[in-house]
Amino acid sequence: MDNEPIKEKKWIYEEIVGRIPPFSLLSYKYSILLQFLLLLVIGITLGFIFDLGQISLLYGSLAILVAISWSLLILQLAPTLRKFRAPLSKDENELLERYKGILFHKNHYEAVPGLVIFIPFMFYLFYFGTDLLDMWLGKAPHPILLLFVSLLIWDICYRMGLGLWTSVLALWRSIRLKKLAEKRSELEHTPYTELRYLQKLDINNVFFGIISLLLLPLFKTDAFLVIITFFFMGFVILTSLYSAYIISTVPWLPPDIYNLVNESSFAYIGTSLKGKTHVTPVVYVFDGQKIFFNTSKEAKKLKIMQENNKVAFLIDKRDMSNIYENKAVLFTGEVKIYGIMDIPMHFIDMLSALKLFMKKYPEYTKKYSTSELPKAWQLTPIIARILVEVKPAKIIYWRGAKQISVPV
Amino acid sequence: MRIPEEIRNILYGNYFGYVCTSDKNDQPHLTPVFFIYDENSQKLFFITNDRSKKVKNLSENPNISITIDIRDPVNPFNNEGVMAQGTATITDKAPIYFLSEETLQLYYDIYQEFKSKYQKVIENKPLGENDVIVQINVEKMVYWKGPHFKSLKFKKDFSG
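Keep in mind that this is a model prediction, so the values were computed, not measured.

Peer 1: Honestly, the overall build of chain A in this entry has me stumped. Any pointers?
Peer 2: Scanning chain A from terminus to terminus reveals 15 helices and 7 strands. The C-alpha radius of gyration of chain A comes to 28 Å, more than 25% above the 22 Å expected for a compact globule of 408 residues. Seen along its three principal axes, the alpha-carbon backbone of chain A occupies a region of about 90 × 50 × 40 Å. In chain A, which comprises 408 residues, the share counted as buried stands at 51%. A total accessible area of about 20,200 Å² is found for chain A, and carbon and sulfur atoms account for 65% of it. Side chains of chain A carry 46 positive and 34 negative charges; the gap between the two charge centres is 6 Å.

Put into structure tokens, the structure is as follows:
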């Protein structure tokens, strides 16, 4: 796939910071830390010069802390999206390019919501007779102080705007991606790693929303602003959670492989211990996202996997009458073995896997349940039959004689 | 040692084998193969491309296992199969006039066997220029039917 290389995409803030030494010389985390310290030093110095109360310094530091924490979260967007690999679907790739294009538009639309918040807020603060300024700075503050506070307010508003802007765009992107994913054909898909990146960014935005709680002490005397802050927080958190949820339902396997995994009855599991390999058939289930198989507690492969959890897991469709119709998919990677200790954390996962097994292999469930069987074979879930999840790092797909490597 | 009838039936009655190899980091790899079983030498053979991952793995680690089975999605008690474990020997790859007579004979025999077993599929397709024959020297076989297992050990074959 030939995409034009992703240009360095930056927001106004990143661009400014990126040009001024010493910030331009530091990695972005240190650069943000340095900005934090610098703002704090300026604030405290001004506080001493103009003889502000301790409470004013506290309010100022809190505002700086919020602005800086938001920066830390939001500035992860650009580097993450920069290393994003192109989806193997033309439509999905176009969507993500459009998403990035709007997010980092050269007209800097990202500053618009910030301005929309900043201007009414300043009016409210200076002309609506709220006593917030008195509370922050005392009576008749010096213009230099007002300037510094306005700067901090802009910093906060700009980032609030970014929070709204990124979470709304993310939700739009997730809904579109989900729709496009339903129209995929053959090997089209967006790889697992990339989907997880998107999800991680959404979760970052959830934290972004939570951090706005820190603003509440600053507004404590103004019920209206408290309500607005809660509204803002709720909006950012819900949009981002919903977006993350949608991404978690986008299949990470292309339709050809998805269908093969969904429709086959058996798989082969290859394991290796000190170079000696072992391969046996297993029954497995697939819930659209995760692949689980089942093994007896006494099985040799379980003992091997407990020492070396690297596996090869193969699902195929074999047809001797038409070899060109043969299909197989190989997942190589690791496994997670579920034990009793996992029940509290993964109860729902384990239960739904068990249900899928009963639905997919009703006869097995019935036959395994009889007590005439050797103990190891009895279907006493979790105790005698162990649930194992396949976590692929690499996928190879064969169709006829063609071998295709599919990115995860 | 004669191998039991039920194992013979599986080795002769099935077309697909699942070969497992692993690299020097103990990362396993699996592929389906067409195979033949030679009763006289009690060895299994399959043909593969010398650039394949399994050949690369075998050059790092000659241990190999292959499973041949009958699967019944309805009744697990009909599931039946054999796993053979051992080491692999790969025939030299060289232009045909440099191959030893022994290797040539092996190529010829194996190819004839393959042709008769997989006639429908390979028709008259000749061996490709990168194809090599992998010979599995079996050290152990595990047979199962439903929940019952049987294990067979073979004497190590030091002749190669």
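Here the narrative resumes.
Peer 1: What should I look at first to understand the overall build of chain B in this one?
Peer 2: Per the secondary structure count, chain B includes 4 helices and 7 strands. Start at the N end of chain B and walk to the C end: the helices and strands fall as α-β-β-β-α-β-β-α-α-β-β. Going through the 160 residues of chain B one by one, you find that 53% of them count as buried. Of the contacts formed within chain B by residues at least 6 apart in sequence, a portion of 64% connects residues at least 24 apart. Working note: accessible area of chain B is about 8,200 Å², and carbon and sulfur atoms make up 51% of it.

Peer 1: What should I look at first to understand helix H9 (residues 192-211) of chain A in this one?
Peer 2: For an α-helix the count is 3.6 residues per turn, leaving residues at separations of three or four pointing the same way. Helix length check: H9(A), at 20 residues, gives a terminal C-alpha distance of 29 Å against a target of 28 Å (1.5 Å per residue), a fit within 8%. Every buried residue belonging to H9(A) is among A:Glu194, A:Leu195, A:Leu198, A:Gln199, A:Leu201, A:Asp202, A:Asn204, A:Asn205, A:Val206, A:Phe208, A:Gly209 and A:Ile211, and all of these are buried.

Peer 1: Please explain a positive patch on the surface as it appears in this structure.
Peer 2: Together, A:Arg98, A:Arg176, A:Lys179 and A:Lys183 give the surface a local cluster of positive charge. Residue placement: A:Arg176 occurs in helix H8 (residues 143-181).

Peer 1: Even after reading the chapter, I still don't get unusual backbone geometry, so can you show me in this structure?
Peer 2: The backbone of A:Lys274 sits at a positive phi, close to 50°, despite the residue not being glycine. Within the secondary structure layout, A:Lys274 lies in the loop between strand E1 (266-273) and strand E2 (276-286). Overall, the relative accessible area of 70% leaves A:Lys274 in the exposed class. Residue B:Gln42 is not a glycine yet carries a positive backbone phi of 55°. Following the sequence through the fold, B:Gln42 ends up in the loop between strand E2 (28-38) and strand E3 (43-49). Residue B:Gln42 is classed as buried on the basis of its relative accessible area, which comes to 16%.

Peer 1: How do you make sense of a nonpolar patch on the surface when you look at a structure like this?
Peer 2: All names here are of chain A. A contiguous nonpolar patch, built from Leu115, Ile119, Phe123, Phe126, Tyr127 and Phe128 and spanning about 690 Å² of accessible area, is present on the exposed surface. As for its position among the elements, Tyr127 is in helix H6 (residues 111-127). Overall, the relative accessible area of 65% leaves Tyr127 in the exposed class.

Peer 1: Would you explain the interface of chain B and chain A in this entry?
Peer 2: Interface size, as often reported, equals the accessible area lost upon joining of the parts. Listed by partner, the interface residues are 40 residues for chain B and 41 residues for chain A. Three residues, B:Asp26, B:Leu30 and B:Arg71, lead the burial of chain B against chain A; their summed loss comes to 19% of the area buried on that side. Inspection of the region where chain B meets chain A yields 2 salt bridges. Between A:Asp316 and B:Arg71 there is a salt bridge, with its nearest N and O atoms 3.4 Å apart. The interface formed by chain B and chain A includes 18 residue pairs in polar contact (both at pLDDT 80 or more). At the level of elements, strand E1 (16-22), E2, strand E4 (63-70), strand E5 (80-90), helix H4 (119-122) and strand E6 (131-145) of chain B are the ones that each hand at least two residues to the side of chain B that touches chain A. Among the residues forming the side of chain B that touches chain A, the class breakdown is 20 nonpolar, 14 polar and 6 charged.

Peer 1: Whenever I open this one, the packing of helix H3 (residues 54-74) of chain A against H8(A) confuses me. Can you help?
Peer 2: What describes two packed helices is the angle between their axes and the distance between those same axes. Residues and elements named next belong to chain A. Two elements in contact, H3 and H8, have axes separated by 10 Å at closest approach and are oriented at 35°. The element H3 and its partner H8 pack so that their crossing is left-handed. Mapping the contact onto sequence places Gly60, Ala63, Ile64, Val66, Ala67, Trp70, Ser71 and Ile74 in H3 and Leu152, Asp155, Ile156, Arg159, Met160, Leu162, Gly163 and Thr166 in H8. Residues of the contact of H3 with H8, tallied by class, amount to 10 nonpolar, 4 polar and 2 charged.

Peer 1: Whenever I open this one, the packing of helix H5 (residues 90-103) of chain A against H8(A) confuses me. Can you help?
Peer 2: Residues and elements named next belong to chain A. Relative orientation of the contacting elements H5 and H8 amounts to 170°, with a least axis distance of 10 Å. Taken together, the axes of H5 and H8 are roughly antiparallel relative to one another. Contacts between H5 and H8 pair Asp91, Glu92, Leu95, Leu96, Arg98, Tyr99, Ile102 and Leu103 from the former with Trp165, Thr166, Leu169, Ala170, Trp172, Arg173, Arg176, Leu177, Leu180 and Ala181 from the latter. Among the residues making up the contact of H5 with H8, the classes are represented as 12 nonpolar, 1 polar and 5 charged.

Peer 1: What is the right way to read the side chain of B:Asn14 from this model?
Peer 2: By secondary structure assignment, the location of B:Asn14 is in the loop between helix H1 (5-13) and E1. From its side chain, B:Asn14 meets the backbone oxygen of B:Ile10 in a polar contact 3.0 Å long.

Peer 1: What's the story with the domain arrangement of chain A in this structure? I'm lost.
Peer 2: Residues and elements named next belong to chain A. According to the domain assignment, chain A consists of domain 1 (12-251) and domain 2 (256-406). Between domain 1 and domain 2, the C-alpha centre-to-centre distance is 43 Å. Residue-level contacts link 7 residues of domain 1 with 8 residues of domain 2. Buried area between domain 1 and domain 2, summed over both chains or domains, comes out near 580 Å², and the portion from carbon and sulfur atoms is 57%. Contact with domain 2 buries area across many residues of domain 1, yet Glu186, Leu187 and Pro251 alone supply 69% of it, more than any other trio. Connecting domain 1 to domain 2 are 0 salt bridges. Along the lines of polarity and charge, the residues of the side of domain 1 that touches domain 2 split into 3 nonpolar, 3 polar and 1 charged.

Peer 1: Which parts of the structure should I look at to understand the pairing of E3(B)?
Peer 2: A regular strand places its side chains on the two faces of the sheet in alternate fashion. Residue and element names in this part refer to chain B. Buried residues dominate E3, accounting for 5 of its 7 residues. Direction of pairing for E2 relative to E3: antiparallel, over a ladder of 4 bridges. Across the sheet, Ile36 pairs through a bridge with Phe45, a residue of E3. In textbook terms, the turn of a hairpin is the stretch between consecutive antiparallel strands, and for E2 and E3 this stretch comprises 4 residues, one of which, Gln42, has a positive phi near 55°. In the sheet, E3 pairs with E6 via 7 bridges, with the strands oriented antiparallel. Counterpart to Ile47 in the pairing with E6 is Ile133.

Here is what the cut-offs are and how they apply
- Residues numbered from 1 in each chain as written.
- Chains lettered and ligands numbered in written order.
- Predicted model: local features only at pLDDT ≥ 70, side-chain atom pairs only at ≥ 80, totals over all residues.
- Heavy atoms only, no water.
- Helix = DSSP H or I, 4+ residues; strand = E, 2+ residues; numbered from the N terminus.
- Rg over C-alpha atoms; globule rule 2.2 N^0.38 Å.
- Buried < 20%, exposed > 50% of the residue type's maximum accessible area, 1.4 Å probe, protein only.
- Areas by Shrake-Rupley, 256 points an atom, 1.4 Å probe, with all protein chains shown as cover.
- Lys, Arg positive; Asp, Glu negative; His and termini not counted.
- Charge placed at Lys NZ, Arg CZ, Asp CG, Glu CD.
- Contact = heavy atoms within 4.5 Å.
- Expected span 1.5 Å × (residues − 1).
- Patch = residues over 30% accessible without salt bridge, like charges linked within 9 Å, V, L, I, M, F, W, Y side chains within 5 Å.
- Salt bridge = Lys/Arg side-chain N within 4 Å of Asp/Glu carboxyl O.
- Buried area = accessible area lost by both parts, 1.4 Å probe.
- Polar contact = N/O pair within 3.5 Å; in protein donor to acceptor, adjacent residues only side chain to side chain.
- Nonpolar A, V, L, I, M, F, W, Y, C, P; charged D, E, K, R; others polar.
- Axes fitted to C-alpha atoms, helices over the stretch in contact; angles between N-to-C directions.
- Left-handed = near helix turned anticlockwise from the far one by under 90°.
- Parallel < 35°, antiparallel > 145°, perpendicular 65-115°, else oblique.
- Domains from an automatic or database assignment.
- Pairing = 2+ DSSP bridges.

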